[in-house]
Amino acid sequence: MSALPSPFEYQLIADPILPAPAVFAAEEGAEVQFLGTVRGQEEGRPISGIDYSVYRPMAEKELERLCQRGQAEQPPHRVFIQHRLGFVADREPSILIRVWTKHSAEAFDICRWYLKEIKTTVPIWKKPV
């Protein structure tokens, strides 16, 4: 993740998602992290993982648009998004969303908003394996 003050950053990565220390701007008082992991089953059937595929130019364009929209429509915040591509094994993280803002309630709401929007607008496809 880049240093302050960029309002948003996103990455589509093949490497594992790793924890990182919080870095707060002077006006920020809250950070919320959402870490989504692959469950061991899909629709009641056991799986070993999920294979994520993407049309990268379209996905990056949509993530850029989503982050810009978030900056315009949500209270002031910063956001960092990572989404894994390729095979992600059961119990490994597939998505990380970090939101920094002044207040905790806003941070939770904004993080939830990004997760919903990513799932419904960004062309990342999953195939249970």
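What counts, and where the lines are drawn
Residues numbered from 1 in each chain as written. Predicted model: local features only at pLDDT ≥ 70, side-chain atom pairs only at ≥ 80, totals over all residues. Heavy atoms only, no water. Helix = DSSP H or I, 4+ residues; strand = E, 2+ residues; numbered from the N terminus. Rg over C-alpha atoms; globule rule 2.2 N^0.38 Å. Buried < 20%, exposed > 50% of the residue type's maximum accessible area, 1.4 Å probe, protein only. Contact = heavy atoms within 4.5 Å. Areas by Shrake-Rupley, 256 points an atom, 1.4 Å probe, with all protein chains shown as cover. Lys, Arg positive; Asp, Glu negative; His and termini not counted. Charge placed at Lys NZ, Arg CZ, Asp CG, Glu CD. Expected span 1.5 Å × (residues − 1). Arc of directions from axis to C-beta. Core = buried A, V, L, I, M, F, W, Y, C linked by side-chain atoms within 4.5 Å. Phe/Tyr/Trp six-rings, centres within 6.5 Å; stacked < 30°, edge-to-face > 60°. Lys NZ or Arg CZ within 6 Å of the ring centre and 35° of its normal. Pairing = 2+ DSSP bridges. Axes fitted to C-alpha atoms, helices over the stretch in contact; angles between N-to-C directions.

A.B. asks: Which residues make up the overall build of the protein, and what values do they have?
C.D. replies: The secondary structure content of the protein amounts to two helices and nine strands. Put simply, the protein runs from its N terminus to its C terminus through helices and strands in the order β-β-β-β-β-α-β-β-β-α-β. For the protein, whose C-alpha radius of gyration is 15 Å, the value lies close to the compact-globule estimate of 14 Å for 129 residues. For the protein, the spread of C-alpha atoms along the three principal axes comes to 45 × 25 × 25 Å. Buried residues in the protein amount to 41% of all 129 residues. Across the protein, the fraction of contacts at a sequence separation of at least 24, relative to all contacts at a separation of at least 6, is 76%. Put simply, the protein shows about 7,500 Å² of open surface, and 56% of that area lies on carbon and sulfur atoms. Measuring between centres, the 16 positive side-chain charges of the protein sit 4 Å from its 17 negative side-chain charges.

A.B. asks: Hey, could you go over helix H1 (residues 56-73) for me, with residue numbers and the actual values?
C.D. replies: Helical geometry: 3.6 residues make up each α-helical turn, so side chains three or four residues apart lie on a common side. Between its first and last C-alpha, H1 extends 25 Å over 18 residues, near the 26 Å set by a 1.5 Å rise per residue. Taken as a whole, H1 has its buried residues at Ala-59, Glu-62, Leu-63, Leu-66, Cys-67 and Gly-70. Buried residues of H1, seen end-on, are gathered within an arc of 135° and therefore sit on one face of the element. H1 presents Lys-61 and Ala-72 as exposed residues on the side facing more than 90 degrees away from its buried surface. In the core, the buried residues of H1 are packed alongside strand E1 (8-13), strand E5 (49-54), strand E6 (77-84) and helix H2 (104-121).

A.B. asks: Hey, could you go over the nonpolar core for me, with residue numbers and the actual values?
C.D. replies: Ranked by internal contacts, the top residues of the largest apolar core, which has 28 residues, are Val-79, Ile-81, Ile-97, Val-99, Tyr-114, Ile-118 and Val-122. Those residues within four positions of Ile-81 in sequence are excluded, and the remaining contacts are Glu-9, Tyr-10, Gln-11, Cys-67, Leu-96, Ile-97, Tyr-114 and Ile-118.

A.B. asks: Report on the packing of aromatic side chains, specifying residues and quantitative values.
C.D. replies: As enumerated under the stated definition, the model contains one aromatic pair in all. Plain terms: the ring middles of Trp-113 and Tyr-114 are 5.0 Å apart, the flat faces sit at 80° to each other, and that makes the pair edge-to-face. Look at Trp-113 and you get buried, because its relative accessible area is 15%. Overall, the relative accessible area of 0% leaves Tyr-114 in the buried class. Its end group placed over the ring of Trp-100, Arg-78 keeps NZ or CZ at 4.3 Å from the ring centre.

A.B. asks: Let's hear about the sheet that holds strand E9 (residues 124-128): which residues, and what values?
C.D. replies: A sheet is described by the order of its strands in space; here three strands give the open sequence E7-E5-E9, paired in antiparallel fashion. Looking at strand neighbours, the two that pair on one side only are strand E7 (86-89) and E9, the edges of this open sheet. Taking the axes of each pair of neighbouring strands and ignoring which way they run, one obtains an average angle of 30° across the sheet. In the sheet, E5 pairs with E7 via four bridges, with the strands oriented antiparallel. If you follow Ile-50 over to E7, its bridge partner there is Val-88.

A.B. asks: Give me the lowdown on the sheet that holds strand E8 (residues 93-101), citing residues and values where you can.
C.D. replies: As a general point, the strands of a sheet are linked pairwise by backbone hydrogen bonds and lie either parallel or antiparallel. In spatial order, the strands read E1-E6-E8-E2; together these four strands make up an open sheet with mixed pairing. Where the open sheet ends on each side, the last strands, each with one partner, are E1 and strand E2 (30-37). In this sheet, adjacent strand axes meet at a mean angle of 5° when their direction is disregarded. Relative to E8, E6 is paired through seven bridges, and the arrangement is antiparallel. Counterpart to Gln-82 in the pairing with E8 is Leu-96. Sheet strands in contact with H1 are E1 and E6, and its direction is about 155° off that of E1. Packing of H2 onto the sheet brings it into contact with E2, E6 and E8, and relative to E8 it is tilted by some 140°.

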